[in-house]
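The primary structure of each chain is shown beneath.
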2 protein chains.
Amino acid sequence: MTELPSTPAAQPRVVILGGGFGGIAAAQALAHAPVRVTLVDRRNHHLFQPLLYQVATASLSAPSIAAPLRHMLRGQRNAIVLMDEVARIDVARREVELQRGTLRYDWLVVATGATHAYFGHDDWAESAPGLKTLDDAFTIRRRVFTAFERAEQEDDPAQRQAWMNFAVVGAGPTGVELAGALAEIARHTLPREFRRADPRQTNVMLLEAGPRVLPSFVPELSAKAQRQLEKLGVQVLTGQAVTAIDRDGIEAGGKRIPTHTVLWAAGVAASPLGAQLGAPLDRAGRVQVQADLSLPGHPEVFVIGDLASVQSDGHALPGVAPAAKQMGRYVGRRIAARVAGKAAPADFRYQDAGALATIGRMAAVAHLGRWKLSGILAWWVWLGAHIFFLIGFRNRLVVLLDWALAYFTYQRHARIVTGKDDDG
Amino acid sequence: MTELPSTPAAQPRVVILGGGFGGIAAAQALAHAPVRVTLVDRRNHHLFQPLLYQVATASLSAPSIAAPLRHMLRGQRNAIVLMDEVARIDVARREVELQRGTLRYDWLVVATGATHAYFGHDDWAESAPGLKTLDDAFTIRRRVFTAFERAEQEDDPAQRQAWMNFAVVGAGPTGVELAGALAEIARHTLPREFRRADPRQTNVMLLEAGPRVLPSFVPELSAKAQRQLEKLGVQVLTGQAVTAIDRDGIEAGGKRIPTHTVLWAAGVAASPLGAQLGAPLDRAGRVQVQADLSLPGHPEVFVIGDLASVQSDGHALPGVAPAAKQMGRYVGRRIAARVAGKAAPADFRYQDAGALATIGRMAAVAHLGRWKLSGILAWWVWLGAHIFFLIGFRNRLVVLLDWALAYFTYQRHARIVTGKDDDG
């Protein structure tokens, strides 16, 4: 058995799985505790997920929204970062088996998040990429910009239009952001650059099975978001459950729409590691934790972030960054208190800072306490919040610069296509 | 047969294959000629190749050195850009067969460049990636930063050192740049971030079969470059022909060195399309063209850039960006003159602007006419030249900002690992 951390052997070992918002917050909350922290992630970077759609739609380059985990924790001497994948969690033996080595723990924080789910239609994954990782973003970028290239080469008008039809499935915040960005690309970024295809003929469809866009917002803001989307040129199709997707089209509401570019923003499923913890799961596969975020029967194991099913003040917590961060900080502090022999903090309570969704240029909706904003004002709030929370001085500066230039020029500097689809 | 360009049918058709420095220069030189230009590239972007090593070594993000071809030519109304791959060139029938369609031409410019070559050891490609495309740069970035991650996880000291041994094969400008950057990463960027591995123990080896580094420079500057490399911590091994490479080591000069990270900068071979033109090739597979860069017996076909074997003033032209640009401009002007019925310009003559190679922080060599520079002064010349020639206002600004921040912080912001090696 490989004992990985090299810090004093007498101190309790805290293993944190996942370097997202929750895992990083937990590690940082333990910075001054007499523990050995091991943070494991299969990727080497923390991702600022709220801006991932901008990498997918070529407004930002990947390094602008990603920071190496070990760089983020470089000053925290009690923490070690391992890039590895979890093979198995054994809560009875207090062990985590990685692909290269095994970790024993005294405290475990599971923060491995969620991924997109196709509700039993896994064959749709190939035709309708979702957006969770940088590699997903590159795939979407490649599909979108290659579609316009193919349109330019196509002689047959119907075929050409099929390459300029884009379907976004799911009208939550990610779907709304993607659809808005696609409409802007078609209308403002590309028109002057094509000679045969006319990108203004692009048809961006936002398909939603439910009755309205942004279902987690109040109906009043959903209606405003829909109006803003339509003003940008997005065709909003609510009450349209998707029944089939392949590389040549999508079927919804009994109608087939020819398109080669479907983006999936309809559903998430919790990380499969949750199922190894032996606790009850909710319908989305999330682990039902106690009020202190610990696993029933295992006060030394915590589940946080998108993988946790938590009620706070009678509401289910949303799967957003602020919730994950708050859970991480809470759990870190709780472990620190217990290790120090102090009274543990009271049960976890979510501080709702509000909800924000951006739609496009100067278009957004925001619900902050009693305030319901839309349009330009909401967009400024969104901009400020996202710049503020972006990691690191350089990133903020570069993102601001990119946005400022894009604002005045309508350009998207990251419009490069790399990698390959296996199917061409 | 698909006739792709949609501009007036009476005008002569110029087909340009390849959107590198040569192809773009040729297209731009035809901006005001009464011709229909079709530029074909299998990628959607022009790449500023001289800075590609900085993407590989995480100093720059990919979009900073790449620009969409159709964006570059958006204002040139007589030009159309196609993203497609060339399947076959038929100079007798004046046709270029693409994967999707066929192009007829009146004038053809072949500017498909070169790729790395393993001198008959194609099995080395998997273990020793070269650096020609953005995808190559991502592969090198992934291998380099994953190697340090694996070192951090390794218990056995010998195994750990193997992960911190890096071999760069070939000491031309690219090999020198890569080796210098690796040494800086090991010494300055990473040390504080690891707990078990000590990146300062990294061993960067630069292997060269010939007697000195930078063989295309004068011996005096080669010696200075070698001293600067050694000061950075690079182990320079000249006169060491590589005899074997696999995923666990490299064999050179009869000795085996354990390493999992070998980078290939040793050789290039011309694009295989050259062989379809029916003209004699040189040893590197380059097409031996006439003094006006045309194909013998085919005054309507030109070969330029790294694919062309050209003598100017009794010297063979180097495979560098300025040479490709000058050839592209020359050929564009020549076609324009012939189409206008004017006298064709005199034979092509290369204007040698000098040679530059960078080694690392404040370290470079430059040979400009009578001036031989090294160290800080050469580095400033290199910096100025590369900033000046970078495409587009945004890129210059962002690159400058990245470099300034990196200079003061020693950080490399693009240290994110994406994608996957198939072999794990």
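Up top is the structure these notes are about.
Residues numbered from 1 in each chain as written. Chains lettered and ligands numbered in written order. Predicted model: local features only at pLDDT ≥ 70, side-chain atom pairs only at ≥ 80, totals over all residues. Heavy atoms only, no water.

Chemist: Could you give an account of helix α1 (residues 21–29) of chain A, naming the residues involved and the relevant values?
Modeler: Residues and elements named next belong to chain A. Burial runs high along α1: seven of the nine residues are buried. Where α1 is concerned, the buried positions are Phe21, Gly22, Gly23, Ile24, Ala25, Ala26 and Ala27. Each element contacted by the buried residues of α1 is listed here: β1 (13–17), β2 (36–41), β3 (45–47), α3 (69–72), β9 (107–110) and α8 (321–339). (Buried < 20%, exposed > 50% of the residue type's maximum accessible area, 1.4 Å probe, protein only. Helix = DSSP H or I, 4+ residues; strand = E, 2+ residues; numbered from the N terminus. Contact = heavy atoms within 4.5 Å.)

Chemist: Break down the pattern of salt bridges for me, citing the residues and quoting the values.
Modeler: Here the structure, examined in full by the defined rule, presents 40 salt bridges over all chains. With its nearest N and O atoms 3.0 Å apart, the salt bridge here joins glutamate 97 of chain A to arginine 88 of chain A. Classification of glutamate 97 of chain A as partly exposed rests on a relative accessible area of 30%. A salt bridge links aspartate 155 of chain B to arginine 196 of chain B; the nearest nitrogen and oxygen atoms lie 2.9 Å apart. Separated by 41 residues along the polypeptide, aspartate 155 of chain B in the loop between α4 (134–153) and α5 (157–163) and arginine 196 of chain B in the loop between α6 (173–189) and β12 (203–208) bring together distant segments of the chain. Within the structure, one salt-bridge network assembled from shared partners comprises Arg70 of chain A together with Glu149 and Glu152 of chain B. (Salt bridge = Lys/Arg side-chain N within 4 Å of Asp/Glu carboxyl O.)

Chemist: Break down the relation of the copies chain A and chain B for me, citing the residues and quoting the values.
Modeler: Superposition record for chain A on chain B: RMSD 0.0 Å, screw rotation 180°, translation along axis 0.0 Å. Both chain copies can therefore be described as sitting about a two-fold axis. With an isologous cut-off of 70% or more, the 100% of interface residues of chain A that recur at the interface of chain B puts this contact in the isologous class. (Least-squares fit on C-alpha atoms with pLDDT ≥ 70 in both.)

Chemist: Help me get a handle on the sheet that holds strand β11 (residues 165–169) of chain A, residues and values and all.
Modeler: Residues and elements named next belong to chain A. Strands sit in the order β13-β12-β11-β17 across an open sheet of four strands; the sheet is parallel. A strand with exactly one partner marks an edge of an open sheet, and here the two such strands are β13 (234–238) and β17 (261–264). Here the strands of the sheet are splayed against their neighbours by 20° on average, with no regard to which way each runs. Relative to β17, β11 runs parallel, the two being bridged by four bridges. (Pairing = 2+ DSSP bridges. Axes fitted to C-alpha atoms, helices over the stretch in contact; angles between N-to-C directions.)

Chemist: Tell me about the interface of chain A and chain B, residues and numbers included.
Modeler: Contact with chain A, which involves 55 residues of that partner, is made by 55 residues of chain B. Taking both sides of the interface into account, the surface hidden between chain A and chain B amounts to around 5200 Å²; carbon and sulfur atoms contribute 56%. Contact with chain B buries area across many residues of chain A, yet Arg70, Gln153 and Arg195 of chain A alone supply 15% of it, more than any other trio. Our count for the contact surface shared by chain A and chain B stands at four salt bridges. A salt bridge links arginine 70 of chain A to glutamate 152 of chain B; its shortest N-O distance comes to 3.9 Å. Counting across the chain A and chain B interface gives 25 residue pairs in polar contact (both at pLDDT 80 or more). For the side of chain A that touches chain B, the secondary structure elements donating two or more residues are β4 (66–68), α3, β5 (79–83), α4 (134–153) and α10 (393–409) of chain A. No other element matches the eight residues that α4 of chain A contributes to the side of chain A that touches chain B. The class makeup of the residues in the side of chain A that touches chain B is 23 nonpolar, 14 polar and 18 charged. (Buried area = accessible area lost by both parts, 1.4 Å probe. Polar contact = N/O pair within 3.5 Å; in protein donor to acceptor, adjacent residues only side chain to side chain. Nonpolar A, V, L, I, M, F, W, Y, C, P; charged D, E, K, R; others polar.)

Chemist: Pulling in residues and values, what's your account of the sheet that holds strand β7 (residues 95–98) of chain A?
Modeler: Residue and element names in this part refer to chain A. What the three strands build is an open sheet, ordered β6-β7-β8; its pairing is antiparallel. Sheet topology places β6 (86–90) and β8 (101–104) at the edges, where each strand pairs with a single neighbour. The sheet shows a mean angle of 15° between the axes of neighbouring strands, taken without regard to direction. Direction of pairing for β6 relative to β7: antiparallel, over a ladder of four bridges. Note that in β7 the partner of valine 86 across the bridge is leucine 98.

Chemist: Go over the packing of aromatic side chains with me, naming the residues and quoting the values.
Modeler: In this structure the tally under the stated criterion is 21 aromatic pairs over all chains. With centroids separated by 5.5 Å and ring planes inclined at 70°, the aromatic side chains of tyrosine 330 of chain B and phenylalanine 348 of chain B adopt a geometry described as edge-to-face. Here the residue tyrosine 330 of chain B occupies a position in helix α8 (residues 321–339), and phenylalanine 348 of chain B occupies one in the loop between α8 and β25 (355–360), the gap between them amounting to 18 residues. Of the two residues, tyrosine 330 of chain B and phenylalanine 348 of chain B, both sit in the buried class. Here a set of aromatic residues connected by ring pairs shows up, and it is made of Tyr118, Phe119, Trp124 and Trp264 of chain A. The lysine or arginine in question, arginine 70 of chain A, covers the ring of phenylalanine 194 of chain B, its NZ or CZ lying 4.1 Å from the ring centre. (Phe/Tyr/Trp six-rings, centres within 6.5 Å; stacked < 30°, edge-to-face > 60°. Lys NZ or Arg CZ within 6 Å of the ring centre and 35° of its normal.)

Chemist: So what's going on with the pairing of strand β25 (residues 355–360) of chain A? Which residues, and what values?
Modeler: Residues and elements named next belong to chain A. Taken together, the five bridges between β25 and strand β26 (residues 363–368) define a ladder with antiparallel strand orientation. Each bridged residue has a counterpart across the sheet, and for glycine 360 the counterpart in β26 is alanine 363. As consecutive antiparallel partners, β25 and β26 are separated by two residues, and within that stretch methionine 362 has a phi angle of approximately 60°, a positive value.

Chemist: Account for unusual backbone geometry, with residues named and values stated.
Modeler: Negative phi is the rule for most residues except glycine; trans is the rule for most peptide bonds. Of note, the phi angle at leucine 214 of chain A is positive, near 45°, even though the residue is not glycine. Topologically, leucine 214 of chain A is positioned in the loop between β12 (203–208) and α7 (219–232). You will see that leucine 293 of chain B, though not glycine, has its phi angle at about 70°, which is positive. Leucine 293 of chain B sits in the buried class, given a relative accessible area of 0%.

Chemist: Give me the lowdown on the packing of α1 of chain A against α8 of chain A, citing residues and values where you can.
Modeler: All names here are of chain A. Packing of α1 against α8 brings their axes to within 7 Å, and their N-to-C directions diverge by 30°. For the element pair α1 / α8, the angle class is roughly parallel. The element α1 and its partner α8 pack so that their crossing is right-handed. Residues Phe21, Gly22, Ala25, Ala26 and Ala29 of α1 form the contact with α8, whose own contacting residues are Ala321, Ala324, Lys325, Gly328, Arg329, Gly332 and Arg333. (Parallel < 35°, antiparallel > 145°, perpendicular 65-115°, else oblique. Left-handed = near helix turned anticlockwise from the far one by under 90°.)

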